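Chains, contacts and geometry: an overview
Now for the letters of each chain:
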Amino acid sequence: MGLLDDRVAIVTGAASGIGAATAKRFVAEGAKVLLADIQDEAGEELVTELGGNTAFLHTNVARETDVEAAVAEAVDRWGGLDVIHNNAGFVGVTGPLEDTTDQEWHETLDVLLSSVFYGTKHATPAMRERGGGSIINTASVCGLVAGIGAHAYTVAKHGVVGLTRSTALELAEYNIRANAVCPGYIATGLSAGRSVSEVDQDELQARLAKARAAMDNSQPLPRMGEPSDIAAAVTWLASDDSHWVTGTTQIVDGGLTVGKPWRKQPGAMAEKRPIRMYAPGSYE
Ligand SMILES: NC(=O)c1ccc[n+]([C@@H]2O[C@H](COP(=O)([O-])OP(=O)(O)OC[C@H]3O[C@@H](n4cnc5c(N)ncnc54)[C@H](O)[C@@H]3O)[C@@H](O)[C@H]2O)c1
């Protein structure tokens, strides 16, 4: 028996990285999965690999009509919708604010934030019809702290966390839960510096190997995260095992946002020293 037997799910950004890992895990747990992405070839290839309980639909998540069509496709094909993983993303515009154009700003927010609004909006009636559901939004550690990602990325991911919380409050009475995952550094095309669509697989693997070597020591748990680490958290949030969990941000970052590990701060904290004795008042 799988955690998601007979559940119908949509995963956006499912053609690669975290979305592809989530789609694979969902299928392994018994779900039927609509893969929604703009990378048609990679999406179709994954459907061939995963088999009959999956389908691919070209979906640009920055367009409301595309997201609406993805929800309609899942409902038509499998009779309803239980789970949506609003996950598609890219780095978007980088650099100083004064060099950022209005168009670059809005395009970035459309892909990273408006997409989550569209997914939530159109999944809601289908989930209400079903008597409940689970919405899982991929935010980021950049949704919690500034300085790790670019301006617009940071703003969009903070927005995803806020949207998740306010969604949870509105939809709780329909038994629809909304939670965010906040990945740290994960070995995907995005963190390897370019969209996977722009590089061939060998080049991508070489870039990922470099990224792992560079990032392995960046967080307390001394390895870079893998897409499957995030897929595991998303699967739990999609399943009944988390049925009393809503409005949360599940941080999956190897301890990155907790602080510096001991191995990076030798001396004061890590060194065992005798407790200093003092008499009351002696420190005045
Ligand atoms: N990799 C990391 O370190 C990391 C950390 C925190 C959060 N994230 C977030 O995780 C999510 C997945 O990214 P990833 O790391 O797996 O990267 P990835 O590049 O491997 O996957 C992103 C997927 O989204 C798709 N996509 C991009 N724009 C789209 C659009 N307009 N419409 C539909 N699909 C689109 C891409 O085609 C790709 O398949 C993103 O939201 C990203 O911001 C990633």
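First, a word on scope: everything that follows refers to the structure included in this document. All figures in this text were calculated on a predicted structure; none of them were measured in a lab.

1. Some points on the packing of aromatic side chains
- One pass over the full model with this rule turns up one aromatic pair.
- Above the plane of the ring of tryptophan 78 lies arginine 77, whose end atom (NZ or CZ) is 5.7 Å from the centre.
- Lying across the ring of tyrosine 174, arginine 128 places its NZ or CZ 5.0 Å from the centre.

2. Thoughts on the sheet that holds strand E4 (residues 83-86)
- The seven strands are arranged E3-E2-E1-E4-E5-E6-E7 in an open sheet whose pairing can be described as parallel. Each edge of the open sheet carries a strand with a single partner, namely strand E3 (54-58) and strand E7 (249-252). Strand-to-strand twist across the sheet, computed as the mean angle between neighbouring axes with direction ignored, equals 20°.
- Most of the contacts of helix H7 (residues 227-238) go to strand E6 (residues 176-183), to which it runs at about 165°, and overall it touches E4, strand E5 (133-138), E6 and E7.

3. Quick word on the pairing of E5
- Burial within E5 is extensive, with six of its six residues counted as buried.
- The alternating pattern of E5 places Gly133, Ile135 and Asn137 and Ser134, Ile136 and Thr138 on opposite faces, both of which are buried.
- Each parallel crossover has a hand, and for E4 linked through helix H4 (residues 102-130) to E5 it is right-handed.
- Where E5 lies against E6, six bridges are found, and the strand directions are parallel. Note that in E6 the partner of serine 134 across the bridge is arginine 177.
- Handedness of the crossover joining E5 and E6 through helix H5 (residues 151-171): right-handed.

4. Some words on the site of the ligand
- Taken together, 28 residues are adjacent to the ligand, and Ile18, Asp37, Asn87, Tyr153 and Thr188 come closest.
- A distance of 3.0 Å separates an oxygen atom of the ligand from a polar atom in the side chain of serine 16.
- For the shell around the ligand, the elements supplying multiple residues, two or more each, are helix H1 (17-28) and H5.
- Per-class residue counts for the shell around the ligand are twelve nonpolar, 14 polar and two charged.

5. Things to note about unusual backbone geometry
- Backbone geometry places aspartate 6, a non-glycine residue, at a positive phi of 65°.
- If you trace the backbone, aspartate 6 turns up in the segment before strand E1 (8-12).
- The phi angle at asparagine 175 is positive, at roughly 65°, despite the residue not being glycine.
- Relative to the elements of secondary structure, asparagine 175 occurs in the loop between H5 and E6.

6. Describing the pairing of E6
- Of all eight residues that make up E6, eight are buried, and the element is covered over most of its length.
- Residue alternation in E6 divides its side chains into two sets, Ile176, Ala178, Ala180 and Cys182 and Arg177, Asn179, Val181 and Pro183, and both sets are buried.

7. A word on H7
- Its twelve residues give H7 an end-to-end C-alpha distance of 16 Å, which sits within 8% of 16 Å, the value for a rise of 1.5 Å per residue.
- Every buried residue of H7 is listed here: Pro227, Ile230, Ala231, Ala233, Val234, Thr235, Leu237 and Ala238.
- Here the buried face of H7 lies against H1, E4, E5, E6 and E7.

8. Details of the pattern of salt bridges
- Per the counting criterion, the structure on display carries ten salt bridges.
- Among the salt bridges present, the one from lysine 24 reaches glutamate 49, with a minimum N-O distance of 4.0 Å. Of this pair, lysine 24 sits in helix H1 while glutamate 49 sits in helix H2 (residues 40-50), placing them 25 residues apart in sequence.
- Residue classification places lysine 24 among the partly exposed residues on the basis of a relative accessible area of 39%.
- With its nearest N and O atoms 2.9 Å apart, the salt bridge here joins aspartate 229 to arginine 223.

9. Describing the nonpolar core
- In this structure, Phe26, Val33, Leu35, Ile136 and Val181 are the most contacted members of the largest nonpolar core, which totals 25 residues.
- Residue assignment for this core shows that the elements contributing at least two residues are E1, H1, strand E2 (32-37), H2 and H7.
- When residues no more than four places from it in sequence are discounted, the contact partners of valine 33 are Ala9, Val11, Ala23, Phe26, Val27, Asn53, Thr54, Ala55 and Trp78.
- In this structure, Trp78, Ala123, Ala168 and Ala178 belong to the second largest nonpolar core, which totals 19 residues.

Basis of the calculations
Residues numbered from 1 in each chain as written. Predicted model: local features only at pLDDT ≥ 70, side-chain atom pairs only at ≥ 80, totals over all residues. Heavy atoms only, no water. Phe/Tyr/Trp six-rings, centres within 6.5 Å; stacked < 30°, edge-to-face > 60°. Lys NZ or Arg CZ within 6 Å of the ring centre and 35° of its normal. Pairing = 2+ DSSP bridges. Helix = DSSP H or I, 4+ residues; strand = E, 2+ residues; numbered from the N terminus. Axes fitted to C-alpha atoms, helices over the stretch in contact; angles between N-to-C directions. Contact = heavy atoms within 4.5 Å. Buried < 20%, exposed > 50% of the residue type's maximum accessible area, 1.4 Å probe, protein only. Right-handed = clockwise from strand over helix to strand, strands pointing away. Near = heavy atom within 4 Å. Polar contact = N/O pair within 3.5 Å; in protein donor to acceptor, adjacent residues only side chain to side chain. Nonpolar A, V, L, I, M, F, W, Y, C, P; charged D, E, K, R; others polar. Expected span 1.5 Å × (residues − 1). Salt bridge = Lys/Arg side-chain N within 4 Å of Asp/Glu carboxyl O. Core = buried A, V, L, I, M, F, W, Y, C linked by side-chain atoms within 4.5 Å.

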